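Residues per chain, in single letters:
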Amino acid sequence: MNELIQALEQRVFGQKLNTRLFATALLAGGHVLLEGVPGLGKTKMARTLAELTGGEYRRIQFTPDLMPADITGSVIYQMQDHSFTTIQGPIFTNVLLADEINRSGPKTQAALLEAMEERQVTIQGNTYKLPNPFFVVATQNPVEYEGTYPLPEAQLDRFMFKLVLDYPGEEAEIAILRGHVPFHQQQEEPLQALMTPERIVELQRKLTDVVVEDSLYAYITTLIRKTRESKKIQLGASPRAGIAVLMASKAWALMDGRTYVTPDDIKLVARPALRHRLLLTPQAELEGGTSDQIIQETLGSIPVPR
């Protein structure tokens, strides 16, 4: 996994923590929402991960006229033999990039709900299992809101992490220019896969061997419950958020070469795991508050287990 992260960093510059969290979500079996202005490498990050893991990669460009069947698939009548054939949609893949997910309406966004949570798709009453691993990477632009549909809370809650990509530093931006290779040349020289989808599933099973003490279960529970009690938060974190923090901290520990979770692991994954699940009150937003600040304040108010 560390070799995978290093290879990601050679293609996506200036996002060191985000690339590690990106790989953490994959190992933890979650999904990622990437937010950032155009040109920061969101699509490249997803495509590179698919190449390095040897998995199948598909991209869906979300637009206002995109329909649910364009994602999940449909049933077609064959006139030759008077039968019905199921055509599976692009969702049947290992790494799915939902590009500009907020460009489509709620009906189309809802096509991902069952797949992201239950790893299956229902087409005309028949249920089909998705490939394993199944990893959804969704992107959205935080600046341009004209013609967009905000993701509902039920959709946001199914993403393990929301990663916010910012502009790279000066040295990283110089490295981007120096290492730029035109896309057609990248296709001629594809990346060498470092692992297989089967190996990823094998690593995901190792998460059950990572030890979490009872005090850390209580620490995570206290963090989640305090978000519901805060006067600055209109909607707090759900029990699914607690599971996301737990699994992400296990994955982070495993990638760090440990078979036990520490409070620092929980603190590190708390912000990307919770920032998109909290709905601030209008008063808190007017005062310039952010979910990241509130999460940090909440963590500071909870005694750290020893």
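Everything that follows concerns the structure shown earlier in this document.
Cut-offs used in this document
- Residues numbered from 1 in each chain as written.
- Predicted model: local features only at pLDDT ≥ 70, side-chain atom pairs only at ≥ 80, totals over all residues.
- Heavy atoms only, no water.
- Core = buried A, V, L, I, M, F, W, Y, C linked by side-chain atoms within 4.5 Å.
- Buried < 20%, exposed > 50% of the residue type's maximum accessible area, 1.4 Å probe, protein only.
- Helix = DSSP H or I, 4+ residues; strand = E, 2+ residues; numbered from the N terminus.
- Expected span 1.5 Å × (residues − 1).
- Contact = heavy atoms within 4.5 Å.
- Polar contact = N/O pair within 3.5 Å; in protein donor to acceptor, adjacent residues only side chain to side chain.
- Pairing = 2+ DSSP bridges.
- Axes fitted to C-alpha atoms, helices over the stretch in contact; angles between N-to-C directions.

Colleague: Quick question: what am I supposed to make of the nonpolar core here?
Modeller: Soluble globular proteins tend to bury their nonpolar side chains together. By size, the foremost hydrophobic cluster in this structure holds 65 residues, and its most contacted members are Phe-22, Phe-135 and Phe-161. Looking at this core, the element that brings in the most residues is helix H12 (residues 239-255), giving nine residues. Of all hydrophobic cores here, the second largest spans 23 residues; its members include Leu-33, Ile-60, Ile-123 and Phe-134.

Colleague: Just to check I follow, could you spell out H12 for this structure?
Modeller: Structurally, the α-helix is built with 3.6 residues per turn, so residues lying three or four positions apart point the same way. Look at H12: 25 Å from first C-alpha to last across 17 residues, which is about the 24 Å you get at 1.5 Å a residue. With respect to burial, H12 is a largely interior element, 12 of its 17 residues being buried. Turning to H12, its buried residues are Ala-241, Gly-242, Ala-244, Val-245, Leu-246, Ala-248, Ser-249, Lys-250, Ala-251, Trp-252, Ala-253 and Met-255. Structurally, H12 contributes buried residues whose contacts are with helix H1 (2-11), helix H2 (16-28), strand S9 (161-164), helix H11 (214-229) and helix H13 (263-274). The positive-phi residue at the C-terminal boundary of H12 is Gly-257, with phi of around 85 degrees.

Colleague: Where do I start with the environment of Arg-58 in this structure?
Modeller: Looking at the secondary structure, you find Arg-58 in strand S2 (residues 57-61). Arg-58 gets classed as partly exposed once you look at its relative accessible area, which sits at 30%. The spatial distance from the C-alpha of Arg-58 to the C-alpha of Arg-275 is 27 Å, given a sequence separation of 217 residues. A distance of 3.0 Å separates polar atoms of two side chains, one belonging to Arg-58 and the other to Glu-56. For Arg-58, the side chain forms a polar contact with the main-chain oxygen of Gly-89, separated by 3.4 Å.

Colleague: What is the right way to read the sheet that holds S9 from this model?
Modeller: Hydrogen bonds between backbone atoms are what pair the strands of a sheet, whose relative direction is either parallel or antiparallel. Pairing in this open sheet of five strands is parallel, and the strands run S2-S5-S8-S1-S9 from one edge to the other. Edge positions in the sheet fall to S2 and S9, since each has one partner strand and no second. Direction aside, neighbouring strands of the sheet carry axes that sit 20 degrees apart on average. Two strands pair when backbone bridges link them, and strand S1 (residues 32-35) and strand S8 (residues 135-140) are joined in this way by four bridges, in the parallel orientation. Residue pairing in the sheet places Leu-34 in a bridge with Thr-139 of S8. Those strands touched by H2 are S1, S8 and S9, and its axis lies near 165 degrees from that of S9.

Colleague: Looking at this structure, how should I read the environment of Leu-49?
Modeller: Tracing the chain through its elements places Leu-49 in helix H3 (residues 42-53). Between the C-alpha atoms of Leu-49 and Phe-22, which are 27 residues apart in sequence, the distance is 9.1 Å. Apart from residues lying up to four places away in sequence, Leu-49 is in contact with Leu-4, Leu-8, Phe-22, Leu-26 and Phe-135.

Colleague: What should I look at first to understand H2 in this one?
Modeller: With 13 residues, H2 should cover 18 Å at 1.5 Å per step; its first-to-last C-alpha distance of 19 Å lies within 8% of that length. For H2, a buried count of 11 out of 13 residues is recorded, marking the element as mostly surrounded by other parts of the structure. Within the sequence span of H2, burial applies to Asn-18, Thr-19, Arg-20, Leu-21, Phe-22, Ala-23, Thr-24, Ala-25, Leu-26, Leu-27 and Ala-28. Note on H2: the residue one or two positions beyond its end, Gly-29, has a positive phi of about 80 degrees.

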